[in-house]
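The lines below spell out each chain.
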Amino acid sequence: MELCDLSALELVQLLRARKVSAVEVLEATLERIGQVDGRAGSLDSGPLTEEDKGKVHAFITLTDERALEQARAVDSKLAAGEDPGPLAGVPFTVKDIFCVKDIFCVKGTPSTAASRILANFTAPYTATPVARMEAAGGVMVGKVNLDEFTYGSSNESSAFQPSPRNPWNTGHVPGGSSGGSAASVAAGEGVLSLGTDTAGSIRQPASFCGVVGVKPTYGRVSRYGLIAFASSLDCPGPLARDVRGAALMLQTIAGLDPRDSTTANVPVEDYLAALEKGVKGMRIGLSPDYFRIVTPTPDGDFQEHPLPAEIEAPVRRAADLLRQMGAEIVEDVPMPNTRYGIPAYFVISRVEAASNLHRYDGVKYGYRTPQRVNDLRVMYKKSRAEGFGLQPKLRILMGMYVSAAQYSEQYYQRALRVRSMIRRDFDVAFDPNGPYRLDALLTPTTPTTSFEMDAVYGDSVLMQYADQLTVPSNHAGVPGVSLPAGLDSTGLPIGIQLLGPDYAEANLLRIGRAYEQATQDDDWRKVLPKVLR
Amino acid sequence: MSDAITPEIFAHLVDLAALELSPEEAEYLRRQLNNQLKAIHELEAIPLDEALPVAARGVPYTTAISQLPRKDEWKPTEKPEEIFQQAPQFDDGYIIVPDIPTTKLD
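These notes cover the structure that comes with them. (Residues numbered from 1 in each chain as written. Chains lettered and ligands numbered in written order. Predicted model: local features only at pLDDT ≥ 70, side-chain atom pairs only at ≥ 80, totals over all residues. Heavy atoms only, no water.)

Residues and elements named next belong to chain A. With mixed pairing, 11 strands are arranged side by side in an open sheet as β1-β3-β2-β4-β6-β5-β12-β13-β11-β7-β10. Every other strand in the sheet has two partners, leaving β1 (59-62) and β10 (328-330) as the edge strands with one partner each. Between one strand axis and the next, the sheet turns through 30° on average, direction left out of account. Strand direction decides the pairing type here: β1 and strand β3 (residues 139-144), joined by three bridges, are antiparallel. Paired with Leu 62 across the strands is Gly 142, a residue of β3. Strands in contact with helix α5 (residues 179-186) are β2 (91-95), β3, β4 (192-197) and β6 (235-240); relative to β4, the strand with the most contacts, it is inclined by about 155°. (Pairing = 2+ DSSP bridges. Helix = DSSP H or I, 4+ residues; strand = E, 2+ residues; numbered from the N terminus. Axes fitted to C-alpha atoms, helices over the stretch in contact; angles between N-to-C directions. Contact = heavy atoms within 4.5 Å.)

The grouping of Ile 83, Phe 84, Phe 90 and Ile 95 of chain B at the surface amounts to a nonpolar patch, some 320 Å² of accessible area in total. Looking at where Phe 90 of chain B falls in the secondary structure, it is placed in strand β1 (residues 90-91). (Patch = residues over 30% accessible without salt bridge, like charges linked within 9 Å, V, L, I, M, F, W, Y side chains within 5 Å. Areas by Shrake-Rupley, 256 points an atom, 1.4 Å probe, with all protein chains shown as cover. Salt bridge = Lys/Arg side-chain N within 4 Å of Asp/Glu carboxyl O.)

Residue and element names in this part refer to chain A. Taken together, the side chains of Glu 2, Glu 24, Glu 27 and Glu 31 define an acidic patch exposed on the protein surface. Its place among the elements puts Glu 24 in helix α2 (residues 22-36). Glu 24 sits in the partly exposed class, given a relative accessible area of 39%. (Lys, Arg positive; Asp, Glu negative; His and termini not counted. Charge placed at Lys NZ, Arg CZ, Asp CG, Glu CD. Buried < 20%, exposed > 50% of the residue type's maximum accessible area, 1.4 Å probe, protein only.)

Our next topic: the nonpolar core. One broad rule of soluble globular proteins: the nonpolar side chains tend to lie buried together. Residues and elements named next belong to chain A. Counting residues in each nonpolar core, the largest one holds 168 residues, and the members touching the most others are Phe 149, Leu 192, Leu 442 and Leu 509. Summarising the domain contributions, this core has at least three residues from each of domain 1 (3-277) and domain 2 (342-411). Here Leu 442 is in contact with Ile 284, Gly 285, Leu 286, Val 315, Ala 318, Ala 319, Leu 322, Ile 496, Gln 497 and Leu 498, once residues within four sequence places are set aside. Among the nonpolar cores identified, the runner-up in size contains 10 residues, and Ala 182, Ile 202, Cys 209 and Leu 239 belong to it. (Core = buried A, V, L, I, M, F, W, Y, C linked by side-chain atoms within 4.5 Å. Domains from an automatic or database assignment.)

Here is the structure:
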């Protein structure tokens with residue numbers, strides 16, 4: 001095991017004890033990137049080679065010079081006896097949907113959103129969560145790939161190819177949209193990663209890549225400097241190798257930000273201190289509505305099935321383990337509006353996406369068509385036509401349609417009411433005076449494990465249903481955590497999910513930590529992703 | 001079932017969205033939109049209480065946890081050139097664009 005394979009907390013402890021230096025940790029990480037990542041995503045990548053098919057391709061931009069400056073600064077502080085910060089020397093990656101200012105002016109750090117339309121954009125400021133991680137001593141090693149503007153669940157829609165591949169099997173997708181984030185953490189190319197979750201975009205790739213992913217409560221982590229998708233749903237959050245790393249990172253990035261008025265004025269708990277308290281007396285629910293899934297059929301119908309047994313088994317086992325540790329498992333919690341999560345999301349997220357994408361017009365920043373045109377409106381159209389890929393175009397068009405005056409009542413207003421119903425399911429489940437009084441709901445994270453490259457991409461309906469078990473909590477705004485919980489018969493990771501009431505991240509992490517400890521000697525935990533074998 | 005989004009409606013949407021599409025893109029995108037609408041139609045089967053409020057977001061914001069509006073204070077940008085230099089065409093303090101079409105009113 002190399003330094004870059006340790007968890008964040010272990011690294012911080014080694015650094016503080018002066019057993020390793022931040023520069024050594026960074027060098028191990030950069031060496032790993034050199035071994036497994038292959039060529040970085042780019043706009044003009046040419047055809048995929050056989051070698052490409054065996055690599056991870058997590059990165060769009062490697063910021064190794066910036067990282068070296070930061071690592072040296074941490075080592076200087078340690079040498080001078082100063083406090084280097086809670087994330088001192090921990091290498092992390094950033095989903096390339098966050099603006100990062102190129103403070104060291106070394107070779108340019110674009111903020112691309114994995115889109116041609118922003119490929120040349122250099123942000124004049126840094127997103128709050130990134131700034132907080134760097135201020136805490138974290139070392140940013142690079143910006144990682146994603147679905148274009150986060151629109152997807154596989155990363156295949158990125159304009160920067162080759163798109164990331166799953167470190168457990170490079171013929172499979174890493175999930176998305178924080179696919180580069182999850183892949184980089186799984187492959188030891190970053191100990192932590194900053195992702196975003198709008199319908200499951202942290203938890204689904206975390207599940208597919210066998211890492212921990214946290215979608216915090218809406219408003220818990222600032223969106224300042226995040227390139228917007230659906231502003232009422234977007235949540236920045238951590239991807240980490242274990243629960244302690246996720247807790248450490250969330251501690252750093254959470255909290256009020258005067259630059260994002262939707263960050264809530266709620267004190268940030270001490271997530272690490274709460275971790276080891278165990279689950280005795282906690283009430284953890286299971287819902288039949290999370291043990292059945294909806295699958296779109298090729299002829300446009302929707303079929304309901306039981307969850308695959310392989311996906312359900314780790315959830316049941318986790319419930320048994322938590323019960324043995326003193327939690328009370330509450331069965332049959334009704335969450336009847338779960339199945340409407342995707343249909344409502346198709347409406348709400350598209351309206352917000354279309355609104356947010358109007359700003360890309362080839363005037364103030366980003367891509368402008370090189371064609372000579374004499375009319376401003378023609379310039380808009382050509383710039384947007386050439387700059388956006390298919391997925392942004394699809395979202396803009398749907399957003400325009402369902403919010404048009406004559407359809408708005410039928411679609412958008414109705415979807416917003418359905419969101420109230422989804423929220424109500426969670427309110428009833430978590431009501432401390434209600435019939436269930438849950439501290440958390442335990443569910444699978446995804447309906448399947450990672451699918452093969454090219455198997456789903458192109459079918460936008462099937463792709464969206466990959467998020468069916470994660471999206472309800474985005475509608476409701478409540479926090480969720482995905483935890484690795486085993487491997488399927490083909491050796492791909494399976495995830496389980498914990499959902500909790502608003503601002504209950506500490507409890508979810510605490511349950512996650514108890515589960516992690518109860519399974520630490522499991523055989524599957526000893527298996528490494530294929531790219532590391 | 002016939003397509004809810006006909007080629008005519010689709011062409012109107014493309015124009016509103018300030019896009020231009022190749023015939024292949026248009027065919028793919030229109031088919032995907034109609035497929036997505038089939039999923040969205042599930043919402044129509046849900047009996048909705050008229051009194052049910054719309055939720056602009058999931059988490060409720062009470063006065064206690066909401067931020068006060070910040071003061072309306074002017075803060076100069078330190079290096080405006082860092083912002084201007086992002087413009088695809090910039091000259092002598094102006095962002096340059098092609099002609100803005102105008103119509104003469106009688």
